[in-house]
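Coordinate analysis (summary)
What follows is each chain in one-letter form.
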Amino acid sequence: MNEDLIHKHMQAILEDVELSKNKTTFNFVDTSIEEKLSHQALAKAMKDNVDVAVQLPDNDNRIFLSKAKNKALAKFDEELGGQYRCTGFFWYPPGSYCGWHTNADLEGERTYFVWSPEDGKSFFRYYDAKNETIVTEPEQKGITVRKFSTSKDEPFWHCVGSYTNRVSIGYMEIKND
């Protein structure tokens, strides 16, 4: 994927998000991000075999943004030439999270473009099965590009937390088998 394209289009995409944010009220009820994204929460998600975060109650409080209504995102998709499918477009207000999940229901290589206005106030967390440890990667101010693979045979357990505004756009290459 041409990562220069996302940098070219990100400002316009974020301006459209800004318009959406003005029309959305975030019901900030739960402040327990670390509890929701803990080792105990991972164990529960593993036991319940969670592919998509919303399968478990109280495992996701991010805001799903409309891909169809964001004209800049549509233009970016067009420039990708139909080679990639947008798998998610999310706004994480301060205090939001996406709990442990694998995305194994849709196998393949994922690329996420993440924007954050502050250093170290949002993070990507995953379970390193080989070393049996949880790894937390703080995100930097600006755009972070993250790639990982999902599969049923080797689930990639991951989650996200944010103490600032955070926007993420996920893509997956379309395979023509």
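So, a few notes on the structure that sits alongside this text. Here the structure is a predicted model, which means the values were calculated and not measured.

What about the overall build of the protein?
Within the protein, the secondary structure is distributed over four helices and nine strands. Counting from the amino terminus, the protein carries its helices and strands in the arrangement α-α-α-β-α-β-β-β-β-β-β-β-β. Nonlocal contacts in the protein, meaning residues at least 24 apart in sequence, comprise 81% of its contacts between residues at least 6 apart. Carbon and sulfur atoms provide 47% of the accessible area of the protein, an area that totals close to 9,600 Å².

With respect to unusual backbone geometry
Within the chain, aspartate 58 stands out as a residue other than glycine whose phi angle is a positive 60 degrees. Residues other than glycine seldom take positive phi values, yet asparagine 103 does so here, at roughly 60 degrees. If you trace the backbone, asparagine 103 turns up in the loop between β3 (96-101) and β4 (108-116).

Description of the packing of aromatic side chains
Applying the stated criterion to the full structure yields 10 aromatic pairs. When the ring of phenylalanine 76 is compared with that of phenylalanine 113, the centres are 6.3 Å apart and the planes differ by 85 degrees; the resulting orientation is edge-to-face. One end of the pair, phenylalanine 76, is in helix α4 (residues 71-79); the other, phenylalanine 113, is in strand β4, and 37 residues separate them in sequence. On the accessibility criterion, phenylalanine 76 (0% relative accessible area) is buried. Ring geometry for tyrosine 112 against phenylalanine 148: centres 5.9 Å apart, planes inclined by 5 degrees, an arrangement best described as stacked. With tyrosine 112 in strand β4 and phenylalanine 148 in strand β7 (residues 142-150), the pair connects residues that are 36 residues apart, well separated along the chain. Residue classification places phenylalanine 148 among the buried residues on the basis of a relative accessible area of 7%. Among the aromatic residues, ring-to-ring pairing joins Tyr112, Phe124, Tyr126, Phe148 and Phe156 into one connected group.

Some points on the sheet that holds strand β5 (residues 122-128)
Taken in spatial order, the four strands line up as β3-β8-β5-β6 in an open sheet, and their pairing is antiparallel. A single partner strand is all that each edge strand has here, and the edge strands are β3 and β6 (133-138). Here the average twist between neighbouring strands, direction ignored, is 20 degrees. Inspection of the sheet shows β5 paired to strand β8 (residues 158-162) by five bridges, in the antiparallel sense.

A few points about the pattern of salt bridges
Here the structure, examined in full by the defined rule, presents seven salt bridges. A salt bridge links arginine 125 to glutamate 34, with the shortest nitrogen-to-oxygen separation between them at 3.2 Å. Of this pair, arginine 125 sits in strand β5 while glutamate 34 sits in helix α2 (residues 33-36), placing them 91 residues apart in sequence. The buried category is assigned to arginine 125, whose relative accessible area is 8%. For glutamate 34, a relative accessible area of 40% translates into the label partly exposed. Linking lysine 44 and aspartate 48 is a salt bridge whose minimum nitrogen-to-oxygen distance equals 2.8 Å. Among the residues examined, lysine 44 registers a relative accessible area of 46% and is labelled partly exposed. Several salt bridges converge on common partners, so that one network encompasses Glu137, Glu139, Arg146 and Arg166.

Let's talk about the nonpolar core
Counting residues in each nonpolar core, the largest one holds 17 residues, and the members touching the most others are Met10, Ile13, Leu73, Phe76, Phe89, Ile169 and Tyr171. Counting only elements with at least two residues in this core, the list comes to α1 (3-23), α4, β2 (84-92) and β9 (166-173). Per element, the largest residue contribution to this core is four residues, and it comes from β2. Counting residues in each nonpolar core, the second largest holds 12 residues, with Leu37, Tyr97, Trp100 and Cys159 among its members.

Definitions and cut-offs
- Residues numbered from 1 in each chain as written.
- Predicted model: local features only at pLDDT ≥ 70, side-chain atom pairs only at ≥ 80, totals over all residues.
- Heavy atoms only, no water.
- Helix = DSSP H or I, 4+ residues; strand = E, 2+ residues; numbered from the N terminus.
- Contact = heavy atoms within 4.5 Å.
- Areas by Shrake-Rupley, 256 points an atom, 1.4 Å probe, with all protein chains shown as cover.
- Phe/Tyr/Trp six-rings, centres within 6.5 Å; stacked < 30°, edge-to-face > 60°.
- Buried < 20%, exposed > 50% of the residue type's maximum accessible area, 1.4 Å probe, protein only.
- Pairing = 2+ DSSP bridges.
- Axes fitted to C-alpha atoms, helices over the stretch in contact; angles between N-to-C directions.
- Salt bridge = Lys/Arg side-chain N within 4 Å of Asp/Glu carboxyl O.
- Core = buried A, V, L, I, M, F, W, Y, C linked by side-chain atoms within 4.5 Å.

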